[in-house]
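Chain residues, written in single-letter form:
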Amino acid sequence: LAAAEQVVVMDNGCMCCSVRGDILGAFTSIIDAVDSGNGLDAVIIETTGMADPVPIVRTLLQTPVIASRFALAGVVTLVDAKNILRRLQELDEEQEDDPDAPPDEAFQQLMFADTIVLNKIDLVGSAVALEVWERLRSINEKADVLPC
């Protein structure tokens, strides 16, 4: 791949669990490529659906070598319109059972998103779509919600 199309794969496949070592190594490689004269438009970090965005965002914002060279443009979260209400209901029930439990990754992703891409909207009726939108708004009122 050309430097402009380079893909850096994390060693253990889980950025949120090994964020410090793997992400620092990945950004060191990117910085070296840029310093060698390879242009760069953006760095996109794609995580699994179960990744907690908080340690990743914290690392990007609080690691001087990264924060001095890169800006976090935003966090995009993909939401399954057909299944999200059931998942959020499960989370509500878990929270009722244990009010001191830490927030779930799915909830964290919604809370920290700047943009929520709402997919599978064609698989639900308009009443469910509206309910999903309202529930997403109750968690994050500022994120752009893009149905697709």
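All figures in this text were calculated on a predicted structure; none of them were measured in a lab.

Trainee: Help me understand unusual backbone geometry, please; the structure alone is not making it clear to me.
Mentor: In the Ramachandran plot, Lys120 falls in the positive-phi region, its phi being about 60° despite a non-glycine side chain. Position of Lys120 among the secondary structure elements: in the loop between β2 (115-119) and α6 (126-139).

Trainee: What's the story with the layout of surface pockets in this structure? I'm lost.
Mentor: It is a probe the size of a water molecule, rolled over the atoms, that shows where empty space is left. Put simply, the largest pocket is a space of about 1,100 Å³. Lining the largest pocket we find 38 residues, and of these Ile45, Thr47, Val75, Val76 and Thr77 sit closest to its centre. Every element with two or more residues in the lining of the largest pocket is listed here: α2 (53-62), α3 (64-67), β1 (76-80), α4 (84-97) and α5 (105-112). Classifying every residue of the lining of the largest pocket gives 26 nonpolar, eight polar and four charged.

Trainee: Honestly, the packing of aromatic side chains in this entry has me stumped. Any pointers?
Mentor: Where two aromatic rings form a pair, the distance of their centres and the angle of their planes describe that pair. Counted by the stated rule, this structure contains one aromatic pair. A ring pair is formed by Phe27 and Phe70, whose centres lie 4.9 Å apart and whose planes are at 75°; its orientation type is edge-to-face. Note that Phe27 is positioned in helix α1 (residues 19-35) and Phe70 in the loop between α3 and β1, a separation of 43 residues in sequence. What makes Phe27 buried here is its relative accessible area of 6%.

Trainee: How should the pairing of strand β3 (residues 144-147) be read in this particular structure?
Mentor: Side-chain positions along a regular strand alternate between the two faces of the sheet. When β2 meets β3, the two strands line up parallel, connected through four bridges. By the bridge assignment, Val117 is partnered in β3 with Leu146. Read from β2 through α6 to β3, the crossover connection turns out right-handed.

Trainee: I would appreciate a short explanation of α2 in the present structure.
Mentor: Within α2, seven of the ten residues are buried, which leaves the element mostly enclosed by the surrounding structure. Those residues of α2 lying buried are Pro53, Val54, Pro55, Ile56, Val57, Thr59 and Leu60.

Trainee: Could you clarify how one ought to interpret the side chain of Gln108 in this entry?
Mentor: When you line up the elements, Gln108 lands in helix α5. Those residues within four positions of Gln108 in sequence are excluded, and the remaining contacts are Asp52, Pro53, Val54 and Pro103.

Trainee: Teacher, can you tell me more about the pattern of salt bridges here?
Mentor: For side chains bearing opposite charge, pairing can occur when the charged atoms are close. Throughout the structure, instances matching the rule amount to five salt bridges. Asp92 is the salt-bridge partner of Arg135, the closest N and O atoms lying 2.8 Å from each other. Here Asp92 lies in helix α4 and Arg135 lies in helix α6, a separation of 43 residues in the sequence. Accessibility expressed as a relative area gives 23% for Arg135, which makes it partly exposed. On the basis of relative accessible area, Asp92 is assigned to the partly exposed category, the value being 33%. What you see here is one network of salt bridges that share partners, running through Arg87, Glu90 and Asp104.

Conventions adopted
- Residues numbered from 1 in each chain as written.
- Predicted model: local features only at pLDDT ≥ 70, side-chain atom pairs only at ≥ 80, totals over all residues.
- Heavy atoms only, no water.
- Helix = DSSP H or I, 4+ residues; strand = E, 2+ residues; numbered from the N terminus.
- 1 Å grid on protein atoms, 1.4 Å probe; cavity = no way out; pocket = protein on both sides within 12 Å on 5 of 7 lines; lining within 4 Å.
- Points joined across faces, edges and corners; volume = space filled by probe spheres on them.
- Nonpolar A, V, L, I, M, F, W, Y, C, P; charged D, E, K, R; others polar.
- Phe/Tyr/Trp six-rings, centres within 6.5 Å; stacked < 30°, edge-to-face > 60°.
- Buried < 20%, exposed > 50% of the residue type's maximum accessible area, 1.4 Å probe, protein only.
- Pairing = 2+ DSSP bridges.
- Right-handed = clockwise from strand over helix to strand, strands pointing away.
- Contact = heavy atoms within 4.5 Å.
- Salt bridge = Lys/Arg side-chain N within 4 Å of Asp/Glu carboxyl O.

These figures capture arrangement, not role.
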